[in-house]
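Understanding the architecture of this molecule
Listed below are the residues making up each chain.
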Amino acid sequence: MSWFKSVFFVGIAVFSLAIIASCGSSEEDSVNFDDIAPTSEKYKNGPEKDPQQEKETSEKPTASEFLTLGDSLFPDATWKNWDTLLFLDRFGAIVSEKWILTSEKDSVVFLSYSFKDSLRVKNAFYNWLDCFGAPCKSYKVGQNAKYNKRNTLVYVAPQQVVLVESTGKLKEENIRAILQKEKKKQFWIYIVDAPKKGKTVWKRIEKGEEKPISKVDENS
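Looking now at the nonpolar core. In terms of nonpolar packing, the biggest core is built from 26 residues, with Phe125 and Tyr190 touching the most fellow members. The element best represented in this core is helix α4 (residues 118-130), accounting for six residues. Counting 21 residues, the second largest nonpolar core, distinct from the first, contains Leu69, Trp99, Phe110 and Leu153.

Structure, rendered in C-alpha cells:
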C-alpha cells in the first residue's frame, strides 16, 4: 500500500482532514493540502472572513486533546466543530475530533482519529496515501513531494492519526511535545512535516528519539 487520499487540512489529514495504488512520482511533484486533507470550498484557503461568522459563539470544548495546543497557537481563536465528512471517516475510527480555529491573523485545523488497533491505523493511512486528490495520485512513504498553500503536520501513532494544518509556521518538535509531554513516551510510526514552501520531511519517533524513514516503499 502507500500515503493519504482526498478532503481536510484544510487535507490533511487532514491529519485531508479526504485521500490514497502505488505509482512513481518525482521529488518535484506538487501536492496541495486540499489533496491530502480535502476541504470544502468554504475552507479551501482557510475559513472566509465574514461579519456574521465573526459574531458566532465559539464552540470551544471543555475537554479535548487539542485544548493545550489550541491555547498555545491561538489563545483568542474561535473554535468550530468541523462536521464535514472526510476521507479518514470511512475507516471506522472509534473516536474522532475535527476542529477549525479562526482568528484575525490565521486559521488552523485540528484532526484526530483513534482506531481500535495499529492494523486499522495503517489501513486508513496507506489508503489515504494511495489516491490523493483529483485526479487520483499515489504517493509513497518517505517521498519528499512538495505541499503548497498551507503548512501541514501529520502524526501517525499505533492507534491514532493526528493532523495539524495552518497558514502560519508550525514547529513540529514543539507540537509533538504538547501532544505527548513525556519525551520517552513519544512514539510515532510516522511524522510528516509538509511546509507550504519546501519539501516534505518524514521521520519516525521511538521513545522520544528521531529515526529516519529509510525506504520510500516502506508500507508495513
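Moving on: the pairing of strand β3 (residues 95-102). In terms of strand pairing, strand β2 (residues 78-81) meets β3 through four bridges, oriented antiparallel. Bridging across to β3, Lys80 finds its partner in Ile100. For β3 and strand β4 (residues 107-114), the ladder comprises eight bridges, and the chain directions are antiparallel. Bridging across to β4, Glu97 finds its partner in Ser112. The turn linking β3 back onto β4 is made up of four residues.

We now examine the pattern of salt bridges. Applying the stated criterion to the full structure yields 11 salt bridges. For the salt bridge of Lys60 with Asp71, the shortest nitrogen-to-oxygen distance reads 2.7 Å. In this pair, Lys60 sits in the loop between α2 (51-54) and α3 (67-73) while Asp71 sits in helix α3, placing the two residues 11 residues apart along the sequence. In this structure, Arg204 and Glu206 form a salt bridge, with 3.9 Å as the shortest nitrogen-oxygen distance. What makes Glu206 partly exposed here is its relative accessible area of 33%. Connected through salt bridges with shared partners, the residues Glu172, Glu173, Arg176, Lys203 and Glu210 form a single ionic network.

With that out of the way, let us pick up helix α5 (residues 172-179). Considered for burial, the residues of α5 that qualify are Glu172, Ile175, Arg176 and Leu179. Considered in projection along α5, the buried side chains sweep an arc of 105 degrees and stay on one side of the axis. Packed against the buried residues of α5 are α3, β6 (151-157), β7 (160-166), β8 (187-194), β9 (201-206) and β10 (209-212).

An order of β2-β3-β4-β7-β6-β8-β9-β10 is seen for the eight strands of this open sheet, with the pairing classed as antiparallel. Each having just a single partner strand, β2 and β10 make up the two edges of the open sheet. Neighbour-to-neighbour, the strand axes of the sheet open up by a mean angle of 20 degrees, direction not taken into account. The pairing of β4 with β7 spans seven bridges and is antiparallel. Within β7, the position partnered with Tyr113 by the bridge is Val161. Strands β6, β7, β8 and β9 of the sheet are contacted by α4, whose axis makes an angle of about 150 degrees with β6.

So, on to the confidence of the model for the protein. Put simply, the protein has an average pLDDT of 76, and 69% of its residues get 70 or more. Across residues 1-44 the pLDDT falls below 50, and counting only partners more than four positions away or on other chains, this stretch makes 251 contacts in the model. Note that pLDDT drops below 50 for residues 51-55; the model gives that stretch five contacts with residues more than four away or on any other chain.

Among the structural elements, Lys199 can be located in the loop between β8 and β9. On the basis of relative accessible area, Lys199 is assigned to the partly exposed category, the value being 29%. For Lys199 and Asn144, which are 55 residues apart along the polypeptide, the C-alpha to C-alpha distance reads 5.5 Å.

What counts and how
Residues numbered from 1 in each chain as written. Predicted model: local features only at pLDDT ≥ 70, side-chain atom pairs only at ≥ 80, totals over all residues. Heavy atoms only, no water. Core = buried A, V, L, I, M, F, W, Y, C linked by side-chain atoms within 4.5 Å. Buried < 20%, exposed > 50% of the residue type's maximum accessible area, 1.4 Å probe, protein only. Helix = DSSP H or I, 4+ residues; strand = E, 2+ residues; numbered from the N terminus. Pairing = 2+ DSSP bridges. Salt bridge = Lys/Arg side-chain N within 4 Å of Asp/Glu carboxyl O. Arc of directions from axis to C-beta. Contact = heavy atoms within 4.5 Å. Axes fitted to C-alpha atoms, helices over the stretch in contact; angles between N-to-C directions. pLDDT = per-residue confidence, 0-100.

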